[in-house]
Amino acid sequence: SRAAMHEALVAYAIAVIDGEWPAMLAGDASGVQTNDEIDALWLVVYTMEITTLQEAELYDAMIEQLIQLINHRRERLEDAGSGLLSVMWAVMIGGALLTVLFPCLFGVENGIIHSLIIATLAASIGLLLFVAYALDRPFSGDMYVPPDDMTVVLDRMLELEH
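Rules used throughout
Residues numbered from 1 in each chain as written. Predicted model: local features only at pLDDT ≥ 70, side-chain atom pairs only at ≥ 80, totals over all residues. Heavy atoms only, no water. Helix = DSSP H or I, 4+ residues; strand = E, 2+ residues; numbered from the N terminus. Rg over C-alpha atoms; globule rule 2.2 N^0.38 Å. Buried < 20%, exposed > 50% of the residue type's maximum accessible area, 1.4 Å probe, protein only. pLDDT = per-residue confidence, 0-100. Core = buried A, V, L, I, M, F, W, Y, C linked by side-chain atoms within 4.5 Å. Contact = heavy atoms within 4.5 Å. Axes fitted to C-alpha atoms, helices over the stretch in contact; angles between N-to-C directions. Parallel < 35°, antiparallel > 145°, perpendicular 65-115°, else oblique. Nonpolar A, V, L, I, M, F, W, Y, C, P; charged D, E, K, R; others polar. Salt bridge = Lys/Arg side-chain N within 4 Å of Asp/Glu carboxyl O.

Notes on the overall build of the protein chain
- A count of helical and extended segments in the protein chain gives six helices and zero strands.
- Helices and strands in the protein chain line up, N terminus first, as α-α-α-α-α-α.
- Relative to the globule expectation of 15 Å for 162 residues, the C-alpha radius of gyration of the protein chain, 25 Å, shows a markedly less compact shape.
- A principal-axis box enclosing the C-alpha atoms of the protein chain has dimensions of 85 × 30 × 25 Å.
- Sorting the 162 residues of the protein chain into buried and exposed places 28% on the buried side.

If you want it as structure tokens, here you go:
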């Protein structure tokens, strides 16, 4: 059972790194790239023979860890596929425009300083909107989350194989 579980976990990690992560980077958060590997993991678990109390305790812990793996995967796929709603973007951009245009209503003696203040305010809000846009999709775009941790785990599993 140990060898079969190790093989299934390695196959899952490879599928995530080579299939699921590039798909998330391309904007496909369906997660179908690793469904077969998840099924293989559960098949290994369901076909294990438990003969001792110690094995039963380890089996329960393994089931718990596998459920956590599935939950983390689901969260990752949800994060990759979700973003701010269009209405939220409309409110943020509309609020930014109102905030920048409102000071234009005030009359001031020094137009250069007034223009500089408005330009600084507009730049600050623009930068904040840019950061919100860049962080809106954590698995795609310029500021994406790479599969480095999954690669480290795979390397460690491959080391244990030998």
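Anyway, onward from the coordinates.
So, the confidence of the model for the protein chain
- Averaged over all residues, the pLDDT of the protein chain is 87; the fraction at 70 or higher stands at 99%.
- Least confident of the elements in the protein chain is helix α6 (residues 148-161), whose mean pLDDT is 88; most confident is helix α2 (residues 35-46), at 92.

Quick look at the nonpolar core
- In this structure, L41, W42 and V45 are the most contacted members of the largest nonpolar core, which totals 25 residues.
- Here the element with the most residues in this core is helix α1 (residues 2-25); it accounts for nine residues.
- Setting aside chain neighbours within four positions, we find V45 in contact with M5, Y59, M62, I63 and L66.

Some thoughts on the side chain of E20
- With respect to the element layout, E20 can be found in helix α1.
- Not counting residues within four places of it along the chain, the set of residues in contact with E20 comprises A15, G31, Q33, T34, R73, R76 and L77.

With respect to the packing of helix α4 (residues 86-101) against helix α5 (residues 111-136)
- Where α4 meets α5, the closest approach of the two axes is 9 Å, and the angle between their N-to-C directions is 170°. Regarding the angle of α4 to α5, the classification is roughly antiparallel. In this structure, α4 contributes W89, M92, I93, A96, T99 and V100 to the contact, and α5 contributes I118, L121, A122, I125, L129, A132, Y133 and D136.
- Residues that form the contact of α4 with α5 fall into these classes: 12 nonpolar, one polar and one charged.

Observations concerning the pattern of salt bridges
- Taken as a whole, this structure holds three salt bridges when the rule is applied.
- A salt bridge links R76 to E20, with the shortest nitrogen-to-oxygen separation between them at 2.6 Å. Separated by 56 residues along the polypeptide, R76 in helix α3 (residues 53-81) and E20 in helix α1 bring together distant segments of the chain. In this pair, the class of R76 matches that of E20, namely buried.
- For E159, the salt bridge goes to R156, with nearest N and O atoms at 3.5 Å. Placement of both E159 and R156 in helix α6 is noted, with a separation of three residues, approximately one turn of the helix.
- Since its relative accessible area comes to 48%, R156 is described here as partly exposed.
- What you see here is one network of salt bridges that share partners, running through E20, R73 and R76.

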